[in-house]
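Reading the structure
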Amino acid sequence: MSFTRRDLFKMAAVGAAASVGGNLQASDDAYPIDCSQTYGVLVDTVVCIGCRKCEWACNNEHKLSTTDLKTFEDKSVFQQHRRPVDNAYTVVNEFKNPETAKPYTIKVQCMHCNQPACASACIVGALKKNRLGSVDYDAWKCIGCRYCMVACPFQVPAYEYNEALKPRVMKCTFCLDRLEEGRKPACVGICPNEALTFGTREQLIDLAKERIKAKPELYFNHVYGEKEVGGTSWMYLASTDFINTELPKLTNDPIPHTTETIQHGIFKSFVPPLALYGLLGLIMHSLRENKEDKESDDERS
Amino acid sequence: MSAHEVPTPITRVPFFTKGTMIVAAIAGLGILAYIYRLIYGIGAATNLDDQYPWGIWIAIDVASGVALAAGGFTTAALADIFHKERYHVIVRPALLTAMLGYTFVVIGLLADLGRYYNVWHPMLPSMWQGNSVLFEVGMCVMVYLTVLYIEFLPIVAERFGGRVSLPGPLRVFNKLIDSWLTICHKFLGRFISLFIIAGVVLSCLHQSSLGTLMVIAPTKMHALWYSPISPLMFLMSAIAVGFPMVIFESLIASRSFKLKPETKILSSIATYTPVLLGAYLAVKIGDITLREVWPLVFDGSYESIMFNIEILLGVVAPIVLLSQRKIRNSVAGLFTSASLVIFGVAFNRINVFLTAYTPLYPGKPYFPSIFEIMVTVGLICALVLVYRFIVLNLPVIAVPPSERGTDKATISTVKTA
Ligand code: SF4
Ligand code: SF4
Ligand code: SF4
């Protein structure tokens with residue numbers, strides 16, 4: 001490509017905004033939270049043993065199911081690729097490392113993005129990134145449009161489709177209630193193997209880099225989530241390139257960047273819409289005068 | 001408007017004919033499906049799932065519905081802002097279509113909302129979310145719908161002002177409603193231009209923003225439709241489909257009400273269409289070229305076929321057809337080309353919202369359920385019925401004196417502009 005993606009976006013967004021007479025300025029103050037100090041979790045898939053205790057702890061914490069811890073020892077579920085659903089905020093999947101042909105397991109859940117697409121999309125602000133790091137959902141506000149599900153680059157939010165009256169968007173809450181009490185998330189609490197580490201983003205990035213440095217033969221040299229889509233609270237280490245995992249390949253551009261640039265361009269202090277209003281008013285007025293002139297001319301002649 | 005053609009309630013045809021009965025039956029089925037959705041939920045009524053959160057209710061009922069209701073603001077702009085007086089005869093039918101179109105967009109949207117009873121939430125300042133494209137679309141549609149009702153009010157006032165006669169005990173309200181109508185009429189007569197301009201601005205805003213909606217999903221959208229200038233293309237295609245929609249309806253109306261088709265006016269607005277569509281096509285080609293996705297146009301994939309159908313049949317063909325005077329002057333030619341434009345724009349919306357959308361972990365591909373189809377088709381039929389009812393009872397469609405019925409209501413004529 002002769003254009004870089006970013007150039008193209010910029011150029012295009014300028015065009016779009018200019019089409020309604022807007023001037024352009026991306027707002028940087030939309031995300032006031034300093035994400036280095038928000039909490040996060042480092043998921044180390046190299047250390048994960050696939051015990052699925054985290055799944056149970058999550059279900060238990062959020063009362064999603066009452067299934068016994070024992071049933072989660074069943075590893076036959078690995079034969080199928082599962083995704084988080086409305087009654088399971090997190091699931092563990094098994095994949096093969098193509099280089100070593102060894103299986104590894106990976107826990108997936110909401111990434112609690114620093115600049116969450118779901119929150120940018122939400123029409124009523126029912127999803128919000130808070131200071132502890134969690135992207136939290138307020139069912140009371142939600143209108144159920146499911147635009148958050150369209151927007152999420154990790155395809156995480158699930159919906160209670162079978163709920164006729166009060167369906168909710170279902171996704172990992174980062175155990176916000178526990179965070180507020182100063183406790184770790186339930187899954188981190190139960191993990192027997194330091195596959196899940198809780199801390200501030202800053203600490204976790206340091207820790208991840210140390211682990212890679214200490215055992216470079218075990219780790220692929222990349223901390224997934226450090227930069228992807230502008231950074232996420234949950235980050236991953238793996239033994240293989242992340243394209244071999246179920247985590248999607250993403251650029252470092254925050255997902256909401258383009259739409260928000262367009263929106264803020266069009267709505268900059270309401271100037272462009274008002275300008276259009278004024279312009280149309282002017283046309284309407286001046287053309288009417290023209291016509292009257294013409295009519296009176298006609299009468300005279 | 002010309003001195004001879006005055007909007008008049010159509011009295012020469014009955015509301016119920018064999019055709020309307022069938023339409024009513026389909027609409028009835030749609031209502032049943034709608035009720036089923038309300039009782040048993042979205043999961044039971046639709047084939048939507050976590051991977052495909054949006055289906056035809058969004059792609060057709062909402063996105064295509066809004067685009068096809070664009071005739072309202074384009075004719076208002078042409079006749080009232082650019083003062084092309086002879087087009088006034090088509091302003092009212094276009095306004096009515098827009099008003100009903102948007103009303104049914106909202107009804108369709110409510111079916112899709114999990115918590116439809118919260119639909120008013122975006123109005124609460126405490127829930128305003130300026131970053132959300134959907135928020136902007138929602139607010140504009142809501143305000144615009146109100147503006148449309150306000151613009152329509154004079155038509156009601158014209159029909160009933162001075163002769164409100166409610167039956168039975170409601171009689172006591174006659175005076176009140178009457179004077180209210182008169183006040184509205186006077187007040188609106190003076191300020192209607194403010195609302196007309198507002199309607200055009202609001203339309204430009206949300207027609208384009210509908211095109212921004214899917215820009216938030218760069219990794220899920222097929223490159224043929226994922227463009228940062230999608231809002232511009234949505235706006236241009238909406239403007240282009242406005243007049244063809246008016247032509248399409250006017251021809252159907254004159255046929256079912258046994259009126260002479262307004263071929264002269266219609267072929268004259270049809271001259272704008274190749275220009276507007278041509279501009280849209282040029283931007284589209286520029287977009288494909290700049291993003292260097294031409295190879296995808298010809299790779300023979302399902303998406304490329306859909307794209308080619310959309311562009312060749314829905315954009316190129318009507319440009320070619322309507323550039324020819326002979327075709328513009330024939331009823332069949334007008335009707336065919338207008339239908340193609342409408343098809344093209346609706347197909348584009350379906351492509352953007354459904355064809356282009358590939359979830360990250362697709363299970364079974366999405367195909368609408370029988371209930372989804374019933375609701376969508378039923379809503380369209382219900383719209384047709386309400387439209388018919390209104391033009392039979394309110395002065396919307398212009399009828400030359402020779403074809404006018406003997407209804408007394410026709411005496412009132414308002415001076416427009
Ligand atoms: S992973 Fe998806 S649902 Fe979670 S915060 Fe990011 S955008 Fe939102
Ligand atoms: S479904 Fe609810 S949480 Fe998701 S975008 Fe719509 S209103 Fe927001
Ligand atoms: S509890 Fe820890 S070790 Fe067990 S599956 Fe979950 S992340 Fe892996």
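Relevant structure appears above.
Summarised in this report is the structure supplied together with it. Computed from a predicted structure; not experimentally measured.

The rules behind these values
- Residues numbered from 1 in each chain as written.
- Chains lettered and ligands numbered in written order.
- Predicted model: local features only at pLDDT ≥ 70, side-chain atom pairs only at ≥ 80, totals over all residues.
- Heavy atoms only, no water.
- Helix = DSSP H or I, 4+ residues; strand = E, 2+ residues; numbered from the N terminus.
- Buried < 20%, exposed > 50% of the residue type's maximum accessible area, 1.4 Å probe, protein only.
- Contact = heavy atoms within 4.5 Å.
- Areas by Shrake-Rupley, 256 points an atom, 1.4 Å probe, with all protein chains shown as cover.
- Core = buried A, V, L, I, M, F, W, Y, C linked by side-chain atoms within 4.5 Å.
- Polar contact = N/O pair within 3.5 Å; in protein donor to acceptor, adjacent residues only side chain to side chain.
- Axes fitted to C-alpha atoms, helices over the stretch in contact; angles between N-to-C directions.
- Parallel < 35°, antiparallel > 145°, perpendicular 65-115°, else oblique.
- Left-handed = near helix turned anticlockwise from the far one by under 90°.
- Pairing = 2+ DSSP bridges.
- Near = heavy atom within 4 Å.
- Nonpolar A, V, L, I, M, F, W, Y, C, P; charged D, E, K, R; others polar.

Digging into the overall build of chain A
Helix and strand content of chain A: nine helices and nine strands. Residue burial in chain A is summarised as follows: out of 301 residues, 52% are buried. Counted over contacts in chain A with a minimum sequence separation of 6, partners at least 24 positions apart contribute 62%. As presented, chain A carries roughly 14,300 Å² of accessible surface, and 52% of it is formed by carbon and sulfur atoms.

Focus: the nonpolar core
Tyr147 of chain A together with Phe353 of chain B are the most contacted members of the largest nonpolar core, which has 175 residues in total. Ranked by the residues each element gives to this core, the list is headed by helix α5 (residues 133–160) of chain B, at 13 residues. Each residue touching Tyr147 of chain A, except ones within four places of it in the same chain, is listed here: Ala121 of chain A together with Trp54, Val133, Leu134, Thr212, Leu213 and Ile216 of chain B. Grouped together as the second largest cluster of nonpolar side chains are 19 residues, Ala79, Val89, Ile265 and Ile269 of chain B included.

Remarks on the side chain of Arg349 of chain B
Residues and elements named next belong to chain B. Following the sequence through the fold, Arg349 ends up in helix α13 (residues 331–355). Within polar-contact distance, the side chain of Arg349 engages the backbone oxygen of Phe234 at 3.2 Å. The residues touching Arg349, leaving out its near neighbours within four places in the chain, are Ala59, Ala63, Ser64, Ala67, Phe234, Ser237 and Ala238.

Topic: the packing of helix α11 (residues 302–322) of chain B against α13 of chain B
All names here are of chain B. Where α11 meets α13, the closest approach of the two axes is 8 Å, and the angle between their N-to-C directions is 155°. Taken as axis vectors, α11 and α13 run roughly antiparallel relative to one another. Every pair of crossing elements has a handedness; the one defined by α11 and α13 is left-handed. Where α11 approaches α13, its residues Tyr302, Glu303, Met306, Phe307, Ile309, Glu310, Leu313, Gly314, Ala317, Pro318, Leu321 and Leu322 are matched on the opposing element by Leu334, Ser337, Leu340, Val341, Phe343, Gly344, Phe347, Asn348, Asn351 and Thr355.

Some details on the pairing of strand β3 (residues 103–108) of chain A
Across a regular strand the side chains alternate sides, sitting on one face of the sheet and then on the other. All names here are of chain A. Most of β3 is tucked away: five of the six residues are buried. Sheet analysis places strand β2 (residues 91–96) next to β3, joined by six bridges and oriented antiparallel. Bridge pairing in β3 places Val92 opposite Lys107. The turn linking β2 back onto β3 is made up of six residues, and Ala101 within it adopts a positive phi angle of 60°.

Quick notes on the site of ligand 3
All residues in the neighbourhood of ligand 3 are listed as Cys48, Ile49, Gly50, Cys51, Arg52, Cys54, Val92, Cys191, Pro192, Ala195 and Leu196 of chain A. By residue class, the composition of the shell around ligand 3 is nine nonpolar, one polar and one charged.

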